[in-house]
Amino acid sequence: MSYLFQDTERAARRLHVVANVFAFSSRPFLHAAVGAAPEVVIDLGCGPGYTTRLLVEVTQCAQAIGLDSSERFLSQARSNAPAHLSFVRHDVTEIPFPTGQGDLIFCRLLLTHLQDPLAVLDRWGTQLRPGGFLLVEEVEWIRTEHPLLCQYLEIQAALLRQQANELYIGPLLARHQVGEGLRCSLSRVYQLPVSTAQAAAMFSMNLPSWKHHPFVQQYYGRIIDQLERDLQALANHAISEGENVWGMRQLAYART
Ligand SMILES: C[S@@+](CC[C@H](N)C(=O)[O-])C[C@H]1O[C@@H](n2cnc3c(N)ncnc32)[C@H](O)[C@@H]1O
């Protein structure tokens, strides 16, 4: 199944906004879960490489490799990358990874898009060196009372659900008993404040990627263009801060 949020130039700009917002949850997650500097770090679904660079900065690893299915994102990620940072095209649902096994495997905001995510998670565990860690960060819940943000989230969740994906995949991951050889060493929900302007920016940049989807047109076709315009206006004019909260499920698994 193709990636719903696409890899257009606008989608890349959206991931820059995403990087700025979610660094405030991923950074403390990495500090909590990673001890000594790992040798090889693998970033699954790295997009234009923002998460990969964050991993390098926080973990001080010797080598980091970002894997993604989008050549367009990867070529952006490669620009000005230092020698110990590389990017390879790969469908991360497939193992073995072309990188060999890693000491740290990280994935943020991708399992929600994959078919059979729990089986995929178990497969990723096999790509760890002994003593290595698999870290995943996905959405558990989103708290907002803003009607436009609520409306967007309702459509987004419905669209994902009709293709057997779950926007709020965190609870499913938290309940999962991981495969043999893996032990869950951290499971928590990190509460990330997100301003209405930031949320509206991410949403308005994402909406054009899927607003022409037949499901959206069938059930929301009459309102979707207006919602896009309203979100754009909100992104430009909302002034208050931090009134929405993203609950981010953060899970660390150790390879025994
Ligand atoms: C929502 S973005 C998240 C990017 C990054 N992890 C972050 O948190 O900013 C999901 C990324 O996964 C990539 N992707 C989607 N399906 C994939 C697959 N099967 N294999 C590899 N990459 C995939 C997309 O191209 C996109 O870059």
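The structure displayed is predicted, hence computed values, not measured ones.

J.: Break down helix α2 (residues 50–59) for me, citing the residues and quoting the values.
T.: Of all the 10 residues making up α2, 7 are buried; the element is thus mostly covered by neighbouring parts of the structure. By the burial criterion, the buried members of α2 are Thr51, Thr52, Leu54, Leu55, Val56, Val58 and Thr59. Just downstream of α2 lies Gln60, where phi reads positive at about 60°.

J.: I'd like a rundown of the pattern of salt bridges, residues and numbers included.
T.: A full pass over the atoms with the stated rule returns 9 salt bridges. The partner of Lys211 in a salt bridge is Asp225, with the nearest N and O atoms 3.2 Å apart. Of the two residues, Lys211 is situated in the loop between α7 (196–210) and α8 (214–220) and Asp225 in helix α9 (residues 224–237); the sequence distance between them amounts to 14 residues. Overall, the relative accessible area of 13% leaves Lys211 in the buried class. Residue classification places Asp225 among the partly exposed positions, given a relative accessible area of 36%. Each of Glu39, Asp103 and Arg129 takes part in a single network of salt bridges with overlapping partners.

J.: Can you explain the layout of surface pockets? Please cite residues and give values.
T.: The computed volume of the largest pocket comes to approximately 1000 Å³. Tyr3, Phe5, Leu109, Leu110 and His113 are the residues nearest the centre of the largest pocket, which is lined by 47 residues in total. Mapped by element, the contributors of at least two residues to the lining of the largest pocket are α1 (9–33), α2, β2 (63–68), β5 (128–143), α5 (147–161) and α7. When residues of the lining of the largest pocket are assigned to their parent elements, the largest contribution, 5 residues, is made by α1. A per-class count over the lining of the largest pocket returns 26 nonpolar, 15 polar and 6 charged.

Conventions and cut-offs
Residues numbered from 1 in each chain as written. Predicted model: local features only at pLDDT ≥ 70, side-chain atom pairs only at ≥ 80, totals over all residues. Heavy atoms only, no water. Buried < 20%, exposed > 50% of the residue type's maximum accessible area, 1.4 Å probe, protein only. Helix = DSSP H or I, 4+ residues; strand = E, 2+ residues; numbered from the N terminus. Salt bridge = Lys/Arg side-chain N within 4 Å of Asp/Glu carboxyl O. 1 Å grid on protein atoms, 1.4 Å probe; cavity = no way out; pocket = protein on both sides within 12 Å on 5 of 7 lines; lining within 4 Å. Points joined across faces, edges and corners; volume = space filled by probe spheres on them. Nonpolar A, V, L, I, M, F, W, Y, C, P; charged D, E, K, R; others polar.

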